[in-house]
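Per-entry structural report
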Amino acid sequence: MPPLLPLGPDELLSTTRAVRKRLDFDRPVEDHLIEECLEMATQAPTGSNAQGWHFVVVRDEAKRAGLGELYRKAFDVYEKMPMNAANLTTGDARNDATQQRVYNSARYLADNMAKAPVLVVPCIDGRVDNMPGFVTASFWGSLLPAAWSFCLAARARGLGTSWTTLHLMHEQEAADLLGIPFEKISQGALIPVAHVLGGTDFKPGPRRDLAPIVHHDTW
């Protein structure tokens, strides 16, 4: 088994990027690496220690194709929305160029999602449709930390991931495709997993300064 990448905690946290164009679609991902990442994922916090996670690991080519088509259809809708990365412009040339690159890579992933050797769908027991905010916050707070821990563990093992949620526009269809009991189980994301092209080095992404987004004691 290859050793983990020599990443300190801060480097791991700041270089776990959304990998899209550098996903290696031709190299299989070893079963033991996925299992190790899932072991790390289930060390995440969970409300009331309920541990209600489920992870659907999709390798079957036909099912990957089905999920890929659902994601592509959803992306076709998303790219016309104001929230599309390319539409979030500020007039700052550097920022706007970054937003265009983000959109271009996201479009690439939408067109190639099915080629990822592994797709992981994190799920959790129950549904909170139309529930109040404090309920939904607790509910998703019991799944999303585990799903992000999976991505961090994958990065430490030289794998690339990308957190996506657009397939949830077609959650029922995805549930039917994967045999997920839709009435009892909620899907939280769709995460492609692959080895990466061009080496395992990644840089921190450009982010806002802290001053306008950190509020001490009051807004």
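Everything numeric here is computed off the predicted structure, so don't read it as measured data. (Residues numbered from 1 in each chain as written. Predicted model: local features only at pLDDT ≥ 70, side-chain atom pairs only at ≥ 80, totals over all residues. Heavy atoms only, no water.)

Because the α-helix completes a turn every 3.6 residues, residues three or four places apart line up on one side. Buried within helix 2 (residues 31–41) we find Leu33, Ile34, Glu36, Cys37, Leu38 and Ala41. Buried positions along helix 2 lie against strand 1 (53–58), strand 2 (118–125), helix 6 (144–156), strand 3 (159–161) and strand 5 (191–195). (Buried < 20%, exposed > 50% of the residue type's maximum accessible area, 1.4 Å probe, protein only. Helix = DSSP H or I, 4+ residues; strand = E, 2+ residues; numbered from the N terminus. Contact = heavy atoms within 4.5 Å.)

Looking now at the pairing of strand 2. Counting buried residues along strand 2, seven of its eight residues qualify, which places the element largely inside the surrounding structure. Note: strand 1 against strand 2, six bridges, orientation antiparallel. Its bridge partner lying in strand 2, tryptophan 53 is registered against isoleucine 124. Here three bridges tie strand 2 to strand 5, and the two strands are oriented antiparallel to one another. Residue pairing in the sheet places valine 118 in a bridge with valine 193 of strand 5. Here strand 2 runs beside strand 4 (residues 185–187); their pairing, made up of three bridges, is antiparallel. (Pairing = 2+ DSSP bridges.)

What follows is about the packing of helix 3 (residues 61–78) against helix 4 (residues 93–112). The interhelical angle for the contact between helix 3 and helix 4, taken along N-to-C directions, is 145 degrees, at an axis separation of 8 Å. Contacts from Gly68, Tyr71, Arg72, Phe75 and Asp76 in helix 3 reach Tyr103, Ala106, Arg107, Ala110 and Asp111 in helix 4. The class makeup of the residues in the contact of helix 3 with helix 4 is five nonpolar, one polar and four charged. (Axes fitted to C-alpha atoms, helices over the stretch in contact; angles between N-to-C directions. Nonpolar A, V, L, I, M, F, W, Y, C, P; charged D, E, K, R; others polar.)

Moving on, we come to unusual backbone geometry. Even without being glycine, serine 48 reaches a positive phi, approximately 55 degrees. Looking at the secondary structure, you find serine 48 in the loop between helix 2 and strand 1. Residue class for serine 48 comes out exposed when judged on its relative accessible area of 79%. One non-glycine residue, aspartate 217, lies in positive phi territory at about 70 degrees. Of note, aspartate 217 is situated in the segment after strand 5.

The end-to-end C-alpha separation of helix 6 is 18 Å, in line with the 18 Å expected for 13 residues at 1.5 Å each. What helix 6 keeps buried is the set Ala146, Ala147, Phe150, Cys151, Leu152, Ala153, Ala154, Arg155 and Ala156. Residues of helix 6 that are buried in the fold lie against helix 1 (9–15), helix 2, strand 1, strand 2, strand 3 and strand 5. Within two residues after helix 6, glycine 158 carries a phi angle of roughly 80 degrees, on the positive side. (Expected span 1.5 Å × (residues − 1).)

The method is simple in principle: a probe with the dimensions of a water molecule rolls over the atoms, and the space it marks as empty is what remains. Quantified by volume, the largest pocket comes out at close to 1300 Å³. What lines the largest pocket is a set of 37 residues, and nearest its centre among them are Arg17, Arg20, Thr98, Val102 and Arg207. Among the elements of the structure, helix 3, helix 4 and helix 6 are those that each provide at least two residues to the lining of the largest pocket. With nine residues, the single largest contributor to the lining of the largest pocket is helix 4. Looking at the lining of the largest pocket residue by residue, the class counts come to 17 nonpolar, 11 polar and nine charged. (1 Å grid on protein atoms, 1.4 Å probe; cavity = no way out; pocket = protein on both sides within 12 Å on 5 of 7 lines; lining within 4 Å. Points joined across faces, edges and corners; volume = space filled by probe spheres on them.)

Worth remembering: the numbers are spatial, not functional.
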